[in-house]
Every structure is written in C-alpha cells, then in structure tokens.
Amino acid sequence: MQNTKIVAAIALATMFFASTVPFSYADISSVEIDKPTYLDHKYKSDPNLCIYSTNPRDIKIAQQAISDWQTHLRDYTKNYNAWNIKIGINQQDRSQCTAEIMYSPYPNTDKFESSDNAWWNERVTESKVLGLTYAFWDRAWVYVFTSEYYFPNQTQMVDDGSGKLRPAPSTMVSLSDRQILSITEHELGHVFGITQDDNNPTSGAAMSQGLENANTAHITDGDVSQVVQKYGNTGFVG
C-alpha cells in the first residue's frame, strides 16, 4: 500500500512538472524546433504588451503590428470598444507585461547566451529562425530577429556595389521593414492563441507565413476568426 502511494505521488509530481515546462517554437524557419506554437491561455483582462528595442524603427513596427491586430479584431466583430491592448515601451518593471516583444539582429538574447541553452542556440541558429515565441503559463516572450543570419559554412551572394554578386560567408542581411512587420504580426498571433498554418506556407495570411511571403503576408479574416473563436465577440475581457 505504501509503495502504491509513493508511485502515485511520483506520477503526480511528474505530471505537474510536465505541465510547467515552457513551450517554445521558432517560426519562419527551415527546421521545426518544438511545439505548440501558441500561448494556450485565455486573457481575463486587457493584455499588456511590452516592446523592447534600442532601435526606434523596431518600436514603431511593433506598435503598428499591435494596432493592425486591434483594428482587424474590432472591424471583424464590429465591437469598437473591445480588444483593448496596453502597450509599454522599454519598461524597466517587466512584472506587469503579459508579453514581451524583443528585437535583435540575431539570436543574442539572454535566452541564447546561457550555456544551459546550448541545445536551443544550436537549433535556432541552424534553422535561421527569424521569429520565436516562448510561452510559460500566462506569459509570453517574443523574439524578432531583424536579419537573416548566415554562418561560416554557408555562403550568401551579395552585391559588391558594381552590380555583380560576390560570396560573403557568415554575414547578416538586414530584413526590410515590411518583412519585420509580417514576422511581428505572425508572432503576435501566437500570443493571442493562434497556431501556425503549415498547410499553406505561401498564402497571404499572417499565420501561414514563411520568409518567402513575408513581403506580402498580412492579417486576414481567417487569422482574426481564430482569435474570435477563442474569445468571442466581446474581446479579451469577455
């Protein structure tokens, strides 16, 4: 009987531990890292999205991405008093942030610097990830990398200024503002609870986005309907 109790206690502890493991996923990548891809949580109050970057351009793009989601949600539901989102910019106190959106040219954030995250660092860099959503309980961390990252064993052909292309190994090629906006909108979809649509990676929808269509991907009614299906027409506080 005592052994049965011990086994049961171990099983319960194992289930609890498994339920608290952070879920992460890298988007716009050639190699899947892990799933699920979304924050499996339903906000009970207006989300507070905090933006972090030393580049004013990134902050402006993040604000536009948030505004685009809010506008589409309000237009789709015809509820213009709902879907309120709080925005913080480079806040020192992060305790009130339900999601943090961080911009970097390449994976050099605290998540990837630690030796404890060597496996993650290898997988992220191998897949040339441009967007990553990392979720834990009711919080999310979004990383948006603003350059395509190349490594010594890879070669990118770049314009040498004379109209000719030359090999440039281990270089970073900056993404356009439009591409960064698409990636940000895609990652915000995960924060709001949408999974990635892997069945149609070249469509114009934000959640079926890949780098190949980052110049044209945008929030569609199909994307918005998934959020509304989760929350209803009354917004995040419904």
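From a predicted model like this one, the values you see are computed outputs, not experimental measurements.

A closer look at the environment of Ile 51
- Mapping Ile 51 onto the fold places it in strand 2 (residues 48-52).
- Ile 51 sits in the buried class, given a relative accessible area of 0%.
- Those residues in contact with Ile 51 that sit more than four places away from it in its chain are Ile 59, Ala 62, Gln 63, Ile 66, Ile 87, Gly 88, Ile 89, Asn 90, Ile 101 and Tyr 103.

A few points about the pairing of strand 4 (residues 99-104)
- In terms of burial, strand 4 is a largely internal element, six of the six residues being buried.
- Here strand 4 shows no split at all, with Ala 99, Ile 101 and Tyr 103 on one side and Glu 100, Met 102 and Ser 104 on the other all buried.
- Two strands pair when backbone bridges link them, and strand 2 and strand 4 are joined in this way by four bridges, in the parallel orientation. What sits directly across from Tyr 52, in strand 4, is Met 102.
- Of the strand pairs in this sheet, strand 4 and strand 6 (residues 139-145) are connected by six bridges, and their pairing is parallel. Directly across from Met 102, in strand 6, lies its bridge partner Tyr 143.

What to know about the nonpolar core
- Membership of the largest hydrophobic core comes to 36 residues, with the highest contact counts inside it found for Leu 49, Trp 69 and Phe 192.
- Elements represented by at least two residues in this core include exactly strand 2, helix 2 (56-77), strand 4, strand 6, helix 5 (177-191) and helix 6 (221-231).
- The element that contributes the greatest number of residues to this core is helix 2, accounting for seven residues.
- When sequence neighbours within four positions are dropped, the list of residues in contact with Trp 69 reads Glu 185, Leu 188, Gly 189, Phe 192, Ile 194, Ile 219, Asp 223, Val 224 and Val 227.
- Membership of the second largest hydrophobic core comes to eight residues, among which are Cys 50, Met 102, Trp 141 and Tyr 143.

Quick word on the side chain of Glu 185
- For Glu 185, the position within the fold is in helix 5.
- Notably, Glu 185 is buried but unbridged: the nearest opposite-charge side chain belongs to Arg 178, and the N-O separation is 5.3 Å.
- Apart from the residues lying within four places of it in its own chain, the contact partners of Glu 185 are Ala 65, Asp 68, Trp 69, His 218 and Ile 219.

Focus on the pattern of salt bridges
- With the rule as written, the count across this model stands at four salt bridges.
- Across the pair Asp 177 and Arg 57 runs a salt bridge whose closest N-O atoms are separated by 3.8 Å. Residue Asp 177 is found in helix 5, and its partner Arg 57 is found in helix 2; the two are separated by 120 residues along the sequence.
- With relative accessibility at 27%, the residue Arg 57 sits in the partly exposed group.
- Of the charged contacts in the structure, one is a salt bridge between Glu 100 and Arg 139, with a shortest N-O distance of 3.0 Å. Here the residue Glu 100 occupies a position in strand 4, and Arg 139 occupies one in strand 6, the gap between them amounting to 39 residues. Of the two residues, Glu 100 and Arg 139, both sit in the buried class.

About the cut-offs
- Residues numbered from 1 in each chain as written.
- Predicted model: local features only at pLDDT ≥ 70, side-chain atom pairs only at ≥ 80, totals over all residues.
- Heavy atoms only, no water.
- Helix = DSSP H or I, 4+ residues; strand = E, 2+ residues; numbered from the N terminus.
- Buried < 20%, exposed > 50% of the residue type's maximum accessible area, 1.4 Å probe, protein only.
- Contact = heavy atoms within 4.5 Å.
- Pairing = 2+ DSSP bridges.
- Core = buried A, V, L, I, M, F, W, Y, C linked by side-chain atoms within 4.5 Å.
- Lys, Arg positive; Asp, Glu negative; His and termini not counted.
- Salt bridge = Lys/Arg side-chain N within 4 Å of Asp/Glu carboxyl O.

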